[in-house]
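# Tertiary structure, described
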Amino acid sequence: MQPRDVPLYNEVALGANAPIYAYYARQIAAKTRIVKGRCLDIGCGGGYLGLALAEISELEVVFLDPSPEMLAYANENIFRRNYSARARTLHGSVQDIPLEQDTIDLAISRGSVPFWEDLPTAFAEIHRVLAPGGQAYIGGGLGDPKTRALVEKRRKRAHPHWQDNKPRLPRHDNQHYTDALTRAGIHPFTVDRSDEGLWIRFSKEAA
């Protein structure tokens, strides 16, 4: 999946939508308590969630995306925020992650999972690259009501026609993801849908 206007998408993500990524970065850090080690941002686009998490942690971040165009923006955003020493991009898909097993402490993704093909394979690949004790935090949403209100106000002011360019997300129910996780052999896991979005969590048992 790519937005119809990639430069505009990048501009909005870094500007009006920035509070969304900051909100979820705080949530991920607080709920996983993983703030050091190696993080994989899957379907990273321009790197927005991974960069927000890097700002509040000591994580080294690998940004994975199948789109060279989006990875070019991710590289630019990494450079502009001075994270080149602990961030890098990686071209590839979630169904065949080009990393060795047991090498990732935290796997994250926002907004890309509805577009993943062969979900059982994708989840199994994420589990494969997780280190023992590593966690996955995957899903999507627009934050809490306060964050959504702030973002909507900023978008209307800066990008009144954003809805014309916004990618349309496929919508799947919880059972769709539960079935895929089960088929991937992952247990336990949680699939939580609330006012703050849909989020899937699982981990690899510590050695």
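Predicted, not measured: the structure shown is a model, and the values here were computed from it.

### Re the packing of helix H5 (residues 119-129) against helix H7 (residues 174-183)
Interhelical geometry of H5 versus H7 gives an angle of 60° and a closest axis separation of 8 Å. Between H5 and H7, the angle is such that the two are oblique. Where H5 crosses over H7, the two elements pack in a sense that is right-handed. Where H5 abuts H7, its residues Leu119, Pro120 and Phe123 lie against His176, Tyr177, Ala180, Leu181 and Arg183. For the contact of H5 with H7, the per-class residue count stands at six nonpolar, one polar and one charged.

### A look at the pattern of salt bridges
With the rule as written, the count across this model stands at seven salt bridges. Across the salt bridge formed by Glu76 and Arg80, the nearest N and O atoms sit 2.8 Å from each other. In this pair, Glu76 and Arg80 are both assigned in helix H4 (residues 68-80), four residues apart and thus about one turn of the helix distant. Note on Glu76: relative accessible area 33%, which makes it partly exposed. In this structure, Arg155 and Glu152 form a salt bridge, with 3.4 Å as the shortest nitrogen-oxygen distance. A residue pair is termed a helical-turn pair when its members lie 3 or 4 positions apart in one helix, as Arg155 and Glu152 do in helix H6 (residues 145-158) at three residues.

### Quick word on the environment of Pro98
Within the secondary structure, Pro98 is located in the loop between strand S3 (87-91) and strand S4 (104-110). Overall, the relative accessible area of 41% leaves Pro98 in the partly exposed class. Setting aside residues up to four positions removed in sequence, Pro98 forms contacts with Leu64, Leu90, His91 and Gly92.

### Looking at the packing of aromatic side chains
Within the structure shown, the criterion is met by seven aromatic pairs. Between Tyr21 and Tyr48 the ring centres are 5.5 Å apart and the planes differ by 45°, which places this aromatic pair in the tilted class. Linking Tyr21 in helix H2 (residues 18-32) with Tyr48 in helix H3 (residues 48-55), this pair joins segments that are 27 residues apart in sequence. Counting every residue linked through ring pairs, the aromatic cluster contains Tyr23, Tyr24, Tyr137 and Trp199.

### A word on the side chain of Thr32
Mapped onto the elements, Thr32 comes out in helix H2. Given a relative accessible area of 6%, Thr32 falls into the buried group. Those residues in contact with Thr32, other than ones at most four positions away along the chain, are Leu106, Gln135, Tyr137 and Arg201.

### Some remarks on the state of the cysteines
If you walk through the whole model with that rule in mind, you get zero disulfides. For Cys39, which is in no disulfide, the shortest distance to another cysteine sulfur is to Cys44 and amounts to 11 Å. Note on Cys44: relative accessible area 5%, which makes it buried.

### Examining the pairing of strand S7 (residues 197-203)
Judged by how many residues are buried, S7 sits mostly within the fold: five of seven residues are covered. Inspection of the sheet shows strand S5 (residues 130-140) paired to S7 by six bridges, in the antiparallel sense. When the bridges of S7 are listed, Gln135 appears paired with Ser203. The antiparallel pairing of strand S6 (residues 189-194) with S7 creates a hairpin that spans two residues between the two strands.

Rules behind the numbers
Residues numbered from 1 in each chain as written. Predicted model: local features only at pLDDT ≥ 70, side-chain atom pairs only at ≥ 80, totals over all residues. Heavy atoms only, no water. Axes fitted to C-alpha atoms, helices over the stretch in contact; angles between N-to-C directions. Helix = DSSP H or I, 4+ residues; strand = E, 2+ residues; numbered from the N terminus. Parallel < 35°, antiparallel > 145°, perpendicular 65-115°, else oblique. Left-handed = near helix turned anticlockwise from the far one by under 90°. Contact = heavy atoms within 4.5 Å. Nonpolar A, V, L, I, M, F, W, Y, C, P; charged D, E, K, R; others polar. Salt bridge = Lys/Arg side-chain N within 4 Å of Asp/Glu carboxyl O. Buried < 20%, exposed > 50% of the residue type's maximum accessible area, 1.4 Å probe, protein only. Phe/Tyr/Trp six-rings, centres within 6.5 Å; stacked < 30°, edge-to-face > 60°. Disulfide = S-S within 2.5 Å. Pairing = 2+ DSSP bridges.

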